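Structural overview for review
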Amino acid sequence: MKNLLSTILLILLFALNVNGQNTSLDLYISPSGKDSQSGTKDAPFLSLERAVAELGEFAGKRPLTIWLNEGTYYLNETMVIVSTLSGSEENPVTFSAMP
């Protein structure tokens, strides 16, 4: 009986760990940020281009939100976001202004 409980506990922990890998990712952009930073809330990217460059690694694999802080963002050239960077129904990519 003790082995059965241990096995059930291990299965539950494994299931929680697998689901935890699919947690959402938030990237932040700010006019006062730097593209050499990590894109976190405390160390935001400067440009939309830098945040979109990160999409290739995560799009469709986990939910992702790109948060834009208040300000003006300039593009050096036209930016195209191809369908492979748009996420999926289960793992969408969202662009949003900071509340």
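Here's what I pulled together on the structure shown here.

This brings us to the overall build of the chain. Secondary structure summary: the chain contains two helices and three strands in total. Starting at the N terminus, the α and β elements of the chain follow one another as α-β-α-β-β. Put simply, the chain has 99 residues, and 27% of those count as buried. Within the chain, contacts between residues separated by at least 24 positions form 63% of all contacts whose residues are at least 6 apart in sequence.

With that settled, the discussion passes to the environment of Ala-97. For Ala-97, the location among the structural elements is in strand 3 (residues 93-97). Apart from residues lying up to four places away in sequence, Ala-97 is in contact with Trp-67 and Leu-68.

On to the nonpolar core, then. One finds Ile-29, Leu-55, Leu-64 and Ile-66 to be the most contacted residues of the largest nonpolar core, which totals 15 residues. Considering each element in turn, this core owes the most residues, five residues, to helix 2 (residues 48-58). Every residue in contact with Ile-29, bar those within four places of it in the chain, is listed here: Pro-44, Phe-45, Leu-46, Ser-47, Leu-48, Ala-51, Ile-66, Trp-67, Leu-68, Asn-69 and Tyr-73.

Conventions adopted
Starting from 1, residues in each chain are numbered consecutively following that chain's sequence as written. In keeping with the predicted nature of the model, local features appear solely for residues at pLDDT of at least 70, side-chain atom pairs appear and are counted solely at 80 or more, and the whole-chain, interface and lining totals rest on all residues. Each side-chain value is worked out from all heavy atoms of the structure, with water and hydrogens disregarded. In DSSP terms, a helix is any run of H or I states spanning at least four residues, a strand is any run of E spanning at least two, and both are numbered starting from the N terminus. Burial classes follow relative accessibility: with a 1.4 Å probe on protein chains only, a residue under 20% of its type's maximum area counts as buried, one over 50% as exposed, and anything between as partly exposed. Any two residues whose heavy atoms approach within 4.5 Å are treated as being in contact. Residues grouped as a nonpolar core are buried Ala, Val, Leu, Ile, Met, Phe, Trp, Tyr and Cys residues, joined through side-chain atoms within 4.5 Å.

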